[in-house]
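Single-letter residue listing:
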Amino acid sequence: MSSYLAQEVHLARRHEEILSQRSELLQQMETYLGDKKTKKTWQTQAADAAHKRNAALLNDIEAAEKKLQERVCLLPHPDTVKLETLYWASIKESLPKWEAFLLGRAEVPIGFKKMKTTKKNISYPEEDSQK
């Protein structure tokens, strides 16, 4: 009988150990799940913040691109600027020759042919449209 009693005491102690381990494991699992939930919340917040930051950066880039496009449209091509500069330099250079003519004091400067107006130079709308 004493062996049954000793076995019963041993089983009771073992049962208490198992319940203690179960309780400890449950507590560890709750802590782990709480940490996991906190980590997931933090990651979600970080992802949302990154999304907002990326959207703001994208908007800034698009605004900068739009400003650059507007600037490109406003600034003429360098070749055009060069041609324009050469044109105005040519005008300034030939202006003294033409000044007297433009003021009505002289004939066309030497080196420039006076263009005669003829029927070949003038284009009229077709007379068929009037008939």
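Every chain is numbered on its own, with residues counted from 1 as its sequence reads. The predicted origin of the model limits local features to residues at a pLDDT of at least 70 and limits the giving and counting of side-chain atom pairs to 80 or more, whereas totals for whole chains, interfaces and linings rest on all residues. As a rule here, side-chain values cover all heavy atoms of the structure and leave hydrogens and water aside.

Engineer: Would you take a moment to explain the overall build of the protein chain for this structure?
Structural biologist: Helix and strand counts for the protein chain come out as 2 helices and 0 strands. When the 131 residues of the protein chain are sorted by exposure, 2% land in the buried category. Looking at the protein chain as shown, the accessible area adds up to about 13,500 Å², and 59% of this sits on carbon and sulfur atoms. For the purposes of this entry, the term helix denotes a DSSP run of H or I that reaches at least four residues, the term strand denotes a run of E that reaches at least two, and both are numbered from the N terminus. Only protein chains enter the accessibility calculation, which uses a 1.4 Å probe. A residue is then buried if its area is under 20% of the maximum for its type, exposed if over 50%, and partly exposed in between. Only the protein chains shown count as covering a residue, and every accessible area follows the Shrake-Rupley method with a 1.4 Å probe.

Engineer: Just to check I follow, could you spell out the packing of aromatic side chains for this structure?
Structural biologist: We describe a pair of aromatic rings using the distance from one ring centre to the other and the angle between the two ring planes. Centre distance within 6.5 Å is the pairing criterion for rings of Phe, Tyr and Trp, where only the six-membered ring of Trp is used; planes under 30 degrees apart are then read as stacked, over 60 as edge-to-face, and the remainder as tilted. Evaluation of the coordinates by the stated rule reveals 2 aromatic pairs. Taking 5.4 Å as the distance between ring centres and 75 degrees as the angle between the ring planes, the aromatic pair formed by Trp98 and Phe101 counts as edge-to-face. Here the residue Trp98 and the residue Phe101 both occupy positions in helix 2 (residues 78–102), the gap between them amounting to 3 residues, near one helical turn.

Engineer: Hey, could you run me through a nonpolar patch on the surface in this one?
Structural biologist: Patch membership requires more than 30% relative accessible area and the absence of a salt bridge. Residues of like charge join within 9 Å; the nonpolar side chains Val, Leu, Ile, Met, Phe, Trp and Tyr join within 5 Å. One side-chain nitrogen of Lys or Arg within 4 Å of one carboxyl oxygen of Asp or Glu is enough to make a salt bridge. On the surface, a nonpolar cluster with roughly 400 Å² of combined accessible area is contributed by Leu26, Met29, Tyr32 and Leu33. Tracing the backbone shows Leu33 in helix 1 (residues 2–74).

Engineer: Could you clarify how one ought to interpret the pattern of salt bridges in this entry?
Structural biologist: Across all of its chains, the model carries 1 salt bridge by this definition. A salt bridge links Glu17 to Arg14, with the shortest nitrogen-to-oxygen separation between them at 3.4 Å. Separated by 3 residues within a single helix, Glu17 and Arg14 lie in helix 1, roughly one turn from each other. On the basis of relative accessible area, Arg14 is assigned to the partly exposed category, the value being 40%.

Engineer: What is the right way to look at helix 2 in this model?
Structural biologist: The periodicity of an α-helix, 3.6 residues per turn, causes residues three or four places apart in sequence to face the same way. The largest bend along helix 2 measures about 55 degrees and falls at Leu95, with the proline Pro96 one to four residues further on. Gly104, located one to two residues past helix 2, shows a positive phi value of around 80 degrees. What the bend at a residue measures is the angle between two axes, fitted to the seven residues ending there and to the seven starting there.

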